[in-house]
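# Coordinate inspection notes
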Amino acid sequence: MDISVVVPLYNEAESLPELAAWIERVMTDNAFSYEIIFVNDGSTDSSWEVIKDLSAKNPAIHGVAFRRNYGKSPALNTGFARAKGDVVITMDADLQDSPDEIPELYRMITADGYDLVSGWKQKRYDPLSKTIPTKLFNATARRVSGIHNLHDFNCGLKAYRNKVVKHIEVYGDMHRYIPYLAKNAGFTRIGEKVVKHQARKYGKTKFGLDRFVNGYLDLATLWFTGRFGAKPMHFFGLLGSLMFMIGFVSVIVVGALKLYNLNNGHPYTLVTNSPYFYIALTTMIIGTQLFLAGFVGELVVRNSPRRNSYEIEEEI
């Protein structure tokens, strides 16, 4: 099979028939063998009934229905697990992503050798309250992830080589960072394509401003787990040791100053009356706690069944 199209959705009953017909037309015009996987993320409207009706008319259309709303990441992960096409295309169900982009995305994966191609909505039809935070978010994501050629990490329109989606796990709200997940899994051939963005035709957006706060927290999580997930002592142990040594040296300095003043007849105060003593002591305690956190993390990693789960690309 050439292409699997994975479409996560929540309350998009009005747009589904038009989207399905549009995808079918593109696939037929380009002679692609394909499947469409609609993942209904606990919709409360008639989305699931529409999907069942579409599937009855076209056997290439499949559907998965969640019992309740779990979010876009679990929906994508479920679709990825079922995708059989050589190239997997993801797009949103609100008709803001154009299926006409599919042939070129497919060519970039199969002919140009990319593992992942992300869409870039260079011209957007969104309010400033959404576009400005998005620009700041993407600038931060580029710097942290090291993927400097991407302008829009969160674009729903993406293309993947099949083995990419089989080797990454999208959970929580990590759908915003799928290129970063792919890079951490060893798929570094990541490209970008300018895609057409269309104004929403039906309904309203399902995302609020809280996604930007959650997005930065998820980015910090990915950065830490990608860099120190298998060796937590390298982070906590180093930081803890540094803080402990600073506190220890500070205590010695406070004590030495008292002895110096005492031996030379200068005025002095008790060590316990100095605020620097307590600051130094607190620094030593925090340093010890950080070191122990790294030690416990190492024990957890050592006993993890995936501690040596390295991906082998090829073997002769």
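Look a little higher up for the structure.
Attention here is on the structure that accompanies the text. (Residues numbered from 1 in each chain as written. Predicted model: local features only at pLDDT ≥ 70, side-chain atom pairs only at ≥ 80, totals over all residues. Heavy atoms only, no water.)

## Quick word on the sheet that holds strand β6 (residues 158-161)
The condition that has to hold: DSSP calls a pair of strands paired once it identifies at least 2 bridges connecting them. The numbering of helices and of strands both runs from the N terminus, where a helix is a DSSP run of H or I of at least 4 residues and a strand a run of E of at least 2. Every angle, taken between N-to-C directions, lies between 0 and 180 degrees, and every axis is a line fitted to C-alpha atoms, over only the stretch in contact when it is a helix. Contact criterion: two residues are considered in contact whenever any of their non-hydrogen atoms come within 4.5 Å of each other.
Spatial ordering of the open sheet is given by β3-β2-β1-β4-β6-β5-β7, a layout of 7 strands whose pairing is mixed. Every other strand in the sheet has two partners, leaving β3 (61-65) and β7 (190-194) as the edge strands with one partner each. Across the sheet, the mean angle from the axis of one strand to that of its neighbour is 20°, orientation sign disregarded. For strand β1 (residues 3-9) and strand β4 (residues 87-90), the ladder comprises 4 bridges, and the chain directions are parallel. From the neighbouring strand, V6 faces β4, where its bridge partner is T90. In the packing of helix α2 (residues 47-57) onto the sheet, contacts are made with β1, β2 (34-40) and β3, and the angle to β3 comes to roughly 155°.

## Thoughts on the packing of aromatic side chains
The line we're drawing: Two aromatic rings from Phe, Tyr or Trp, using only the six-membered ring of Trp, form a pair when their centres are within 6.5 Å; if the ring planes differ by under 30 degrees the pair is stacked, by over 60 it is edge-to-face, and anything between is tilted. Under the scheme applied here, a residue whose accessible area is under 20% of the maximum for its type counts as buried, over 50% as exposed, and between as partly exposed, the area being computed with a 1.4 Å probe on protein chains only.
Per the stated rule, a full pass over the model turns up 7 aromatic pairs. Here the aromatic rings of F66 and Y70 are separated by 5.4 Å at their centres, their planes lie at 90°, and the arrangement is edge-to-face. A relative accessible area of 16% places F66 in the buried class. The class of Y70 is partly exposed, set by a relative accessible area of 42%. Pairing F235 with F236 gives two aromatic rings, centres 5.1 Å apart and planes at 85°, and the pair type is edge-to-face. A relative accessible area of 22% means that F236 is categorised as partly exposed.

## Describing the environment of G85
Following the sequence through the fold, G85 ends up in the loop between α3 (72-82) and β4. If we ignore the near neighbours within four places in the chain, the residues touching G85 are M1, D2, I3, S4, E35 and N162.

Any functional reading would require information that these geometric values do not contain.
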